[in-house]
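# Residue-level structural notes
Here's the letter readout for the chains.
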Amino acid sequence: MSDALSAQTRTETDSLGSLEIPASAYWGVHTARANANFPIARRPVSVYPDFVRAFACVKQAAARANHEIGALDEQRATLIDRACEEVRTGMLHDQFVVGVVQGGAGTSTNMNANEVITNRALELAGHAKGDYAFINPNDHTNMSQSTNDTYPTAIKIALAFSLRSLLDELQLLSDAFAAKGREFAHIIKVGRTQLQDAVPMTLGQEFTAFAVTLREDIERLDEAVALLAEVNMGATAIGTGINVPKGYREAVVRHLRENTGLPLVSAGNLVESTSDTGVFITFSGALKRSALKLSKISNDLRLLSSGPQAGLGEINLPAVQAGSSIMPGKVNPVIPEAVSQVAYSVAGADVTVSMAVEGGQLQLNAFEPIIAHSLFQSITWLERACRTLRENCVDGITANEERLADTVARSVTVITALAPVLGYAEAAALAKEALRTNEPVADLVVDRGLLGADELAELLQPARLAGLTPEAGEVETLEKPVERPEEA
């Protein structure tokens, strides 16, 4: 080997042989082999920063627990702890280079973390990277651990971290719809069922309903994340706890609670917990529910804004870009369209998670990497979709009040309010007559002497038609955000 080459690389050895590793790299031979074996997604695990931070929390808690029970000396424990803390704060994330899609149930990611943390600890001690005689990735950084307990634990912690940002964005989006609900509270319109004219309502009621449905999903996601609290640290390979010193299991979970701020608990049965990944189906299902409801709202916005001349044209979405390369002046609802596509991706990811969970065999599910990737991508995309829907669409929506007023005036659906007085059959006959002659329902009722003008005016008050009067029942309004449990 030339002096120039040796200055740029270092030699690392594993059970398969030796490889040259870039001298500047904090990762090592196991990571290098993974990079050669899995050039699939071409997306490193560092694209999910919360996952990297979660792994650092796991390794830090393990080092503290091993030192506490006397398994790891103070010097090495302190150095590993310091290196983990740096990764937790955002350092060295670019060194987490293994692909998100990998075989081995996450072993490549676990070893990538072991190597980065070890080499940074060596550097802090004044040693050269790769000087594993002093601190070893397997013997020290991975002490009392296995991929099979660190990897699923890190996934659960990272999901809990990531969900905070998604919940914040869902809350802000719900607040934006609630604000529009208040802004549009006075605007009467025709409601629709099965795309056909139904009874009157207010545009404010329609937008308030969007806010309410999103706030319900915040509550459902809070319930789902609570299921992530059970971890299997101390299980090691299959849940029997082989090579785990006495007292480690309790200590590591306690330290994890402290450095994550999450209410983590040790699983009741480590063999079951190591083999079962059912919690990820539940969590994925909650994400899918939120995503599909967002898509439904987005489709409603597209319908309500359709036109602007030949469609419903009840609302105006902000014009954010030209809509056609051939039709001048055309503007499309691109933001709701993008949100729906995210929802379809989340729904597809849910299928992937379901298949991966089902595909696990015996004491371990080897497909946790695709589960992790699917869930992290879904959370990330949903968070960004909520933000762009709020900032680039909902905040700028306006109402076409004149068009809405004209539609209500010409609508025969107000006949529903008269049915209790006139009878269903008479009301249906009047509706048909109004549609045939294009005469307002109110005029036909008065002309036939069925009701007096004053009585008719009382029955057809806009507020009464929309259910806003006390006798019609109060309509739910939103004045404050939904309260979520405090973080531990």
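All figures in this text were calculated on a predicted structure; none of them were measured in a lab. (Residues numbered from 1 in each chain as written. Predicted model: local features only at pLDDT ≥ 70, side-chain atom pairs only at ≥ 80, totals over all residues. Heavy atoms only, no water.)

## Considerations on the environment of valine 199
Position of valine 199 relative to the elements: it lies in strand β4 (residues 196–202). In this structure the C-alpha to C-alpha distance between valine 199 and isoleucine 415, which are 216 residues apart in sequence, comes to 8.6 Å. If sequence neighbours within four positions are ignored, valine 199 has contacts with Val190, Gly191, Thr413 and Thr416. (Helix = DSSP H or I, 4+ residues; strand = E, 2+ residues; numbered from the N terminus. Contact = heavy atoms within 4.5 Å.)

## Details of helix α4 (residues 74–88)
Given a rise of 1.5 Å per residue, 15 residues ought to cover 21 Å, and the 21 Å separating the end C-alpha atoms of α4 matches this to within 8%. For α4, the complete set of buried residues consists of Arg76, Ala77, Leu79, Ile80, Asp81, Ala83, Cys84, Glu86 and Val87. On its buried face, α4 is in contact with α3 (49–68), α5 (107–124) and α6 (137–141). Where α4 begins, the capping side chain belongs to aspartate 73, and its oxygen is found 3.2 Å from the backbone nitrogen of glutamine 75. The positive-phi residue at the C-terminal boundary of α4 is glycine 90, with phi of around 110°. (Expected span 1.5 Å × (residues − 1). Buried < 20%, exposed > 50% of the residue type's maximum accessible area, 1.4 Å probe, protein only. Polar contact = N/O pair within 3.5 Å; in protein donor to acceptor, adjacent residues only side chain to side chain.)

## Focus on the pairing of strand β3 (residues 188–193)
Along any regular strand, the residues point their side chains to alternate faces of the sheet. Examined bridge by bridge, β3 and β4 share five bridges and lie antiparallel to one another. Each bridged residue has a counterpart across the sheet, and for lysine 189 the counterpart in β4 is methionine 201. A loop of two residues connects β3 with β4, the two strands running antiparallel in sequence, and glutamine 194 in this loop sits at a positive phi of about 55°. (Pairing = 2+ DSSP bridges.)

## What about α3?
Residues lying three or four places apart along an α-helix face the same way, a consequence of the helix completing one turn every 3.6 residues. The end-to-end C-alpha distance of α3, which contains 20 residues, comes to 29 Å, matching closely the 28 Å that a straight helix rising 1.5 Å per residue would cover. Here α3 lies mainly inside the structure; 15 of its 20 residues are buried. Directly after α3, the chain includes glycine 70, whose backbone phi takes a positive value near 85°.

## Some remarks on the pairing of strand β1 (residues 9–14)
Where β1 lies against strand β2 (residues 17–22), six bridges are found, and the strand directions are antiparallel. When the bridges of β2 are listed, glutamate 12 appears paired with leucine 19. Here β1 hands over to β2 after two residues, the two strands then running antiparallel side by side.

## Concerning the packing of α4 against α5
The interhelical angle for the contact between α4 and α5, taken along N-to-C directions, is 115°, at an axis separation of 8 Å. Along this stretch, α4 crosses α5, giving a crossing that reads as right-handed. Each of Leu79, Ile80, Arg82, Ala83, Cys84 and Glu86 in α4 lies in contact with α5, whose residues at this interface are Ile117, Arg120, Ala121 and Leu124. Counted by class, the contact of α4 with α5 contains seven nonpolar, no polar and three charged residues. (Axes fitted to C-alpha atoms, helices over the stretch in contact; angles between N-to-C directions. Left-handed = near helix turned anticlockwise from the far one by under 90°. Nonpolar A, V, L, I, M, F, W, Y, C, P; charged D, E, K, R; others polar.)

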